[in-house]
Amino acid sequence: MDISSVVRSLHRPAGWLCALTTASTLAACYVVPIDPRTGTAVPPPPAAVAAAPALPLSFQARLYPANELASAHGVISATVTNDLQGRGTFSTVIGGESFSGEATRKAGSSREGLANGAGNRGGYITCAYTMNSATLGSGTCRLSSGALFSMHVGR
């Protein structure tokens, strides 16, 4: 039985036969991109593409007063950025003074770290923390004035 008798037996128009023939002919083909400027084939990208580095994560930390000196400031919000390489940055405003600094993990620990920041009026803040994940943790912070805060990090 030839293809034309199959087509007639299915009561299909001739256009259907052309479509089938074209589809079966192109089934083993692939498309090669052509550079329109030069008219030449564009080489495919390398098979093994390096994975893109993870983007830093930014999230909030809350500092709750833990002594009488800190209670005058109330609850403080801070912004923390974790570069996912064991380092990060933080910034906050306490009592009208802007603090910014760095955080790093302790040597040999993937969870515990220290953070230090300088204020724009000469004050400083020192924090010790433990992270439960890349974005959740807790610790304590002390201002140069003696104000002590309990810190909660996370979304």
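Just so we're clear, the structure is a prediction, and the values are computed from it rather than from any experiment. (Residues numbered from 1 in each chain as written. Predicted model: local features only at pLDDT ≥ 70, side-chain atom pairs only at ≥ 80, totals over all residues. Heavy atoms only, no water.)

**Looking at the overall build of the protein**
Part 1: When helices and strands are counted, the protein shows 3 helices and 8 strands.
Part 2: For the protein, the sequential pattern of α-helices and β-strands runs α-α-β-α-β-β-β-β-β-β-β.
Part 3: Within the protein, the fraction of its 155 residues that count as buried is 24%.
Part 4: In the protein, of all internal contacts separated by at least 6 residues, the share reaching a separation of at least 24 is 33%.
Part 5: Of the roughly 10,400 Å² of accessible surface on the protein, 61% is carried by carbon and sulfur atoms. (Helix = DSSP H or I, 4+ residues; strand = E, 2+ residues; numbered from the N terminus. Buried < 20%, exposed > 50% of the residue type's maximum accessible area, 1.4 Å probe, protein only. Contact = heavy atoms within 4.5 Å. Areas by Shrake-Rupley, 256 points an atom, 1.4 Å probe, with all protein chains shown as cover.)

**Examining the sheet that holds strand β6 (residues 124-131)**
Part 1: The strand order around the closed barrel built from 8 strands is β1-β2-β3-β4-β5-β6-β7-β8, with neighbouring strands paired in antiparallel fashion. Sheet twist, expressed as the average angle between the axes of neighbouring strands with direction ignored, equals 25 degrees. (Pairing = 2+ DSSP bridges. Axes fitted to C-alpha atoms, helices over the stretch in contact; angles between N-to-C directions.)

**Some details on the pattern of salt bridges**
Part 1: Tallied over the entire structure, the rule returns 1 salt bridge.
Part 2: Its salt-bridge partner being Asp83, residue Arg87 comes within 3.3 Å of it at the nearest N-O pair.
Part 3: In this structure Arg87 comes out as partly exposed when scored by relative accessible area, which is 46%. (Salt bridge = Lys/Arg side-chain N within 4 Å of Asp/Glu carboxyl O.)

**Here we look at the state of the cysteines**
Part 1: In total, this model carries 1 disulfide according to the counting rule given.
Part 2: Between the sulfur atoms of Cys127 and its disulfide partner Cys141 the distance amounts to 2.1 Å. Handedness here is read from the sign of the S-S torsion; for Cys127 and Cys141, about 110 degrees, the answer is right-handed. Of this pair, Cys127 sits in strand β6 while Cys141 sits in strand β7 (residues 137-143); the two residues are 14 residues apart in sequence, bridging distant segments of the chain. (Disulfide = S-S within 2.5 Å.)

**Thoughts on the nonpolar core**
Generally speaking, nonpolar side chains in soluble globular proteins are found buried as a group.
Part 1: Residues Leu63, Ile94, Ile125, Cys141, Leu143, Phe149 and Met151 are the most contacted members of the largest nonpolar core, which totals 22 residues.
Part 2: Listed by contribution, the elements that provide at least two residues to this core are β1 (57-65), β2 (76-82), β3 (87-94), β4 (97-105), β6, β7 and β8 (148-153).
Part 3: When residues of this core are assigned to their parent elements, the largest contribution, 4 residues, is made by β6.
Part 4: Ile94 has contacts with Leu63, His73, Ile76, Phe99, Ile125, Leu143 and Phe149, leaving out every residue within four places of it along the chain. (Core = buried A, V, L, I, M, F, W, Y, C linked by side-chain atoms within 4.5 Å.)

**Re the pairing of β4**
Part 1: Across 8 bridges, the pairing between β3 and β4 is antiparallel. If you follow Gly88 over to β4, its bridge partner there is Ala103.
Part 2: Once β3 ends, the chain turns through 2 residues before running back antiparallel as β4, passing Gly95 with a positive phi of about 60 degrees.
Part 3: Looking at chain direction, β4 and strand β5 (residues 112-119) are connected through 7 bridges and run antiparallel.

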